[in-house]
Amino acid sequence: GWGRVDLAGSILLEPPRVLWVHDRREGLATGGEVLYVSTSARPLVVTAGPDPLRVTLVWNDPPAAAAAAVQLVNDLDLLVLGPGGEVYWGNGGPAPDRVNNVEGVDLRNPAPGPYQVVVRAHRVAVGEQPYALVVSGDLVGQVVPTSTPTRPSTPTSEPTATPSPSPTLTATPSATQPPTPTCTPTPTPTAASSPTRTPTPTWTATPSPTQSATPTPPEPTATPSATSSPADSPTPTATPSPTATETWTPAPTPSPSATPQPPCQELLVNGGLEEGEVGWVQHSPYQLISEYNPHTGRYSVYLGGYSDAREGIWQEVTLPDPPGEITLRYWWNAGTDVPGRAVDFLWVLLLDSQGKVLRTLQRIDNLQADLLWHEEAFNLSAYAGQTVRVAFWVEIGPESASSFFVDDVSLLSCREGPSPTPTASPTATPTATATATPLAERVVDDLDPGFRRGGEQGGWGEAGEGYGGHFWWVEAQPGPALRWGEWRPEIAGCGLYDLEAFLPAMEGATASAHYEVAHALGVASVAVDQSQGGGTWQPLGRYPFGGGWGKEWVRLSDVAEDAAAGRKVLFDALRWRYVGPCPTVTPTVTPSATPLPPGWGPRAYLPLVVRRGWSP
């Protein structure tokens with residue numbers, strides 16, 4: 001336990017040691033966050049004194065059902081950020097605590113300097129969760145909390161800790177084609193909704209009792225049929241505009257009336273997860289798409305984080321035939337509380353339309369957890385013409401709570417054969433419609449509309465130098481990313497471009513800035529030494545841009561390997577310089593074996609809750 005309480009030693013502190021408390025009565029909903037920075041009322045700047053820094057978060061958790069697998073109902077997270085970018089999770093683990101409603105960070109010899117404290121609502125199943133935060137140490141300085149927008153919580157008339165064995169859920173149909181429903185509507189209405197929300201039909205999930213000889217994954221289907229559901233709201237697609245697409249010469253049989261098409265096509269809906277659940281099917285007792293640890297943007301898939309977890313997310317898509325080259329790309333991140341042995345797993349699977357495994361693309365275990373983001377890519381051209389499911393599934397052991405994150409999923413199909421070439425003019429210069437001519441040069445500066453900043457609002461610095469007389473900078477972090485910048489060139493007409501970054505002169509710039517480049521054929525990662533800039537353009541590579549489907553960007557986060565040295569990440573202008581038409585794509589096919597992972601066979605999954613149709 002915590003031992004005996006020394007009341008006098010806890011309250012009557014001798015200078016320079018101070019103690020402050022924030023008893024927050026206003027609760028947090030799932031996805032909510034409060035950031036504390038140093039103020040005179042709640043100091044967070046550690047001096048060179050001899051005392052430890054102690055940060056404690058506590059909250060009154062609602063009672064759970066007696067037979068609930070997870071006793072913690074409302075789960076908050078404590079995160080302390082050190083002056084050098086150090087990350088300290090509550091209760092000392094390498095990942096968030098998913099068991100206790102008391103979390104503490106105890107730094108015996110804290111480095112002097114300003115600290116930040118973050119309280120995040122990972123999962124709030126009942127109401128909104130208030131809390132108390134207590135901080136003590138040799139502190140000076142000036143914490144005013146800054147709340148980020150929270151997701152709308154599902155209204156409930158009674159506080160219930162866990163779903164019932166036959167859960168009733170409110171299903172909002174997504175705009176994508178749903179799988180065949182296996183649920184029947186019940187005449188009983190759900191709990192009364194908040195006046196600001198429109199009640200939707202209630203569906204009761206009915207598990208199928210039939211088991212085949214060959215183990216198959218659980219079928220998480222709860223979407224009502226088209227004849228009994230409200231009308232789907234249309235989801236905007238990334239179809240290229242006719243006035244912004246080059247006039248291609250179709251192959252093999254030219255047709256003057258053929259509709260121009262980009263050389264590559266994104267097959268997944270909402271692969272960046274910024275539209276919530278749109279396009280995805282979840283199999284979990286919890287909401288899986290979360291603000292907790294995104295690679296880019298605001299949301300990612302959060303899998304695991306509690307013992308005995310068996311949950312996953314997937315999307316069904318039909319692969320074109322003939323395909324050209326079909327490439328699946330995604331980013332993953334993991335943290336664990338079980339070093340030394342592999343007990344927790346993330347499976348990346350390709351399933352058929354019935355949920356059977358066609359191919360195991362990757363198995364990631366807790367021994368690979370390093371709290372950093374990693375990119376993977378797999379060629380799926382061998383499955384052209386088939387309807388498949390791209391699935392991410394976790395299995396967590398009974399005494400562990402590893403967390404796995406997935407973000408920026410892309411399934412790109414690029415046309416086979418000769419590269420489409422723009423209709424040539426007499427001077428052999430690529431031509432198209434008036435608005436689709438490739439740009440000779442495109443510059444997006446850090447104050448232009450094509451640039452945006454994301455993540456935490458605080459912590460951004462700016463300087464009156466660099467390209468255009470201004471650039472942004474942030475303190476480098478070891479991970480996860482807290483802040484990021486994104487450039488979008490909005491280039492019409494596919495072409496090959498040299499991409500360059502302007503590096504302003506600034507003392508203490510990082511030597512390991514990582515630019516992610518999403519171009520017409522995929523995503524590339526480029527490491528750049530910003531400390532050697534001195535006001536010059538640094539090449540990032542040559543890529544095809546201007547496919548016309550709005551999926552092209554360049555992103556830079558505050559994560560850097562030399563964060564502990566107090567380095568800074570700089571955000572200034574990017575430049576695209578046209579060098580020629582789009583390249584030819586040569587497909588390669590790499591089929592592999594298809595073992596069935598543990599847990600994707602006959603198994604009781606209770607309670608099963610499938611949520612669909614949510615969007616922020």
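Every value quoted in this text rests on a predicted model; they were computed, and no experiment measured them.

**A short note on the overall build of the protein chain**
Consideration 1: Looking only at helices and strands, the protein chain features one helix and 39 strands.
Consideration 2: Evaluated residue by residue, the protein chain yields a buried proportion of 50% over its 616 residues.
Consideration 3: Surface accessibility of the protein chain: about 27400 Å² in total, with carbon and sulfur atoms responsible for 55%.

**With respect to the nonpolar core**
Nonpolar side chains tend to gather and get buried jointly when the protein is soluble and globular.
Consideration 1: Residues Tyr 131, Leu 133, Phe 392 and Leu 411 are the most contacted members of the largest nonpolar core, which totals 63 residues.
Consideration 2: Tallying contributions element by element places strand β20 (residues 325-335) first for this core, with five residues.
Consideration 3: Every residue in contact with Tyr 131, bar those within four places of it in the chain, is listed here: His 22, Asp 23, Arg 24, Leu 28, Val 34, Tyr 36, Leu 57, Val 58, Trp 59, Leu 76 and Val 119.
Consideration 4: Counting residues in hydrophobic clusters, the runner-up holds 29 residues, among them Trp 460, Ala 476, Ala 524 and Val 554.

**Some details on the sheet that holds strand β33 (residues 495-503)**
The pairing of strands in a sheet comes from backbone hydrogen bonds and takes either a parallel or an antiparallel form.
Consideration 1: Reading across from one edge, β28-β39-β33-β36 is the order of the four strands in this open sheet, with antiparallel pairing throughout. At either margin of the open sheet sits one strand with a lone partner, and together these are β28 (441-444) and β36 (536-545). Geometrically, the sheet is characterised by an average inter-axis angle of 25 degrees between neighbouring strands, direction not taken into account.
Consideration 2: Alignment of β28 against strand β39 (residues 574-581), held across four bridges, turns out to be antiparallel. In the sheet register, Arg 442 faces β39, and the bridge partner there is Trp 576.

**Quick notes on the pattern of salt bridges**
Consideration 1: This structure, assessed with the given rule, holds 22 salt bridges.
Consideration 2: The salt bridge involving Arg 24 is made with Glu 26; its shortest N-O contact spans 3.8 Å.
Consideration 3: Exposure remark for Arg 24: the relative accessible area of 7% places this residue in the buried category.
Consideration 4: The partner of Glu 500 in a salt bridge is Arg 575, and the shortest N-O contact between them spans 2.6 Å. Taken together, the residues span a long stretch of sequence, with Glu 500 in strand β33 and Arg 575 in strand β39 at a distance of 75 residues.
Consideration 5: Note on Glu 500: relative accessible area 12%, which makes it buried.

**A word on the environment of Arg 415**
Consideration 1: Locating Arg 415 in the fold gives a position in the loop between β25 (403-414) and β26 (423-424).
Consideration 2: Look at Arg 415 and you get partly exposed, because its relative accessible area is 35%.
Consideration 3: Here the alpha-carbon distance between Arg 415 and Gly 324, two residues 91 residues apart in the chain, equals 4.3 Å.

**Re the state of the cysteines**
Consideration 1: In the structure shown here, the tally under the stated rule is one disulfide.
Consideration 2: Across a sulfur-sulfur distance of 2.1 Å, Cys 264 and Cys 414 are joined as a disulfide pair. Disulfide Cys 264-Cys 414: torsion about the S-S bond near 110 degrees, hence right-handed. With Cys 264 in strand β15 (residues 264-266) and Cys 414 in strand β25, this pair connects stretches of sequence that are 150 residues apart. Neither Cys 264 nor Cys 414 differs from the other in exposure class; each is buried.

**Describing the environment of Ala 463**
Consideration 1: By the secondary structure assignment, Ala 463 is in strand β30 (residues 461-463).
Consideration 2: Residues Ala 463 and Pro 504, 41 residues apart in the sequence, show an inter-C-alpha distance of 9.7 Å.
Consideration 3: Once residues within four sequence positions are removed from consideration, Ala 463 is found in contact with Gly 469, His 470 and Phe 471.

**Remarks on the confidence of the model for the protein chain**
Consideration 1: With 69% of its residues at a pLDDT of at least 70, the protein chain reaches an overall mean of 73.
Consideration 2: Summarising per-element confidence for the protein chain, the mean pLDDT is lowest in strand β14 (residues 202-204) (31) and highest in strand β38 (residues 568-571) (96).
Consideration 3: pLDDT under 50 marks residues 219-259. Its contacts with residues more than four places away, or in other chains, come to 84 contacts.
Consideration 4: In the model, residues 417-436 has pLDDT below 50 throughout and makes 43 contacts with residues more than four positions away in sequence or in other chains.

Criteria and cut-off values
Residues numbered from 1 in each chain as written. Predicted model: local features only at pLDDT ≥ 70, side-chain atom pairs only at ≥ 80, totals over all residues. Heavy atoms only, no water. Helix = DSSP H or I, 4+ residues; strand = E, 2+ residues; numbered from the N terminus. Buried < 20%, exposed > 50% of the residue type's maximum accessible area, 1.4 Å probe, protein only. Areas by Shrake-Rupley, 256 points an atom, 1.4 Å probe, with all protein chains shown as cover. Core = buried A, V, L, I, M, F, W, Y, C linked by side-chain atoms within 4.5 Å. Contact = heavy atoms within 4.5 Å. Pairing = 2+ DSSP bridges. Axes fitted to C-alpha atoms, helices over the stretch in contact; angles between N-to-C directions. Salt bridge = Lys/Arg side-chain N within 4 Å of Asp/Glu carboxyl O. Disulfide = S-S within 2.5 Å. pLDDT = per-residue confidence, 0-100.

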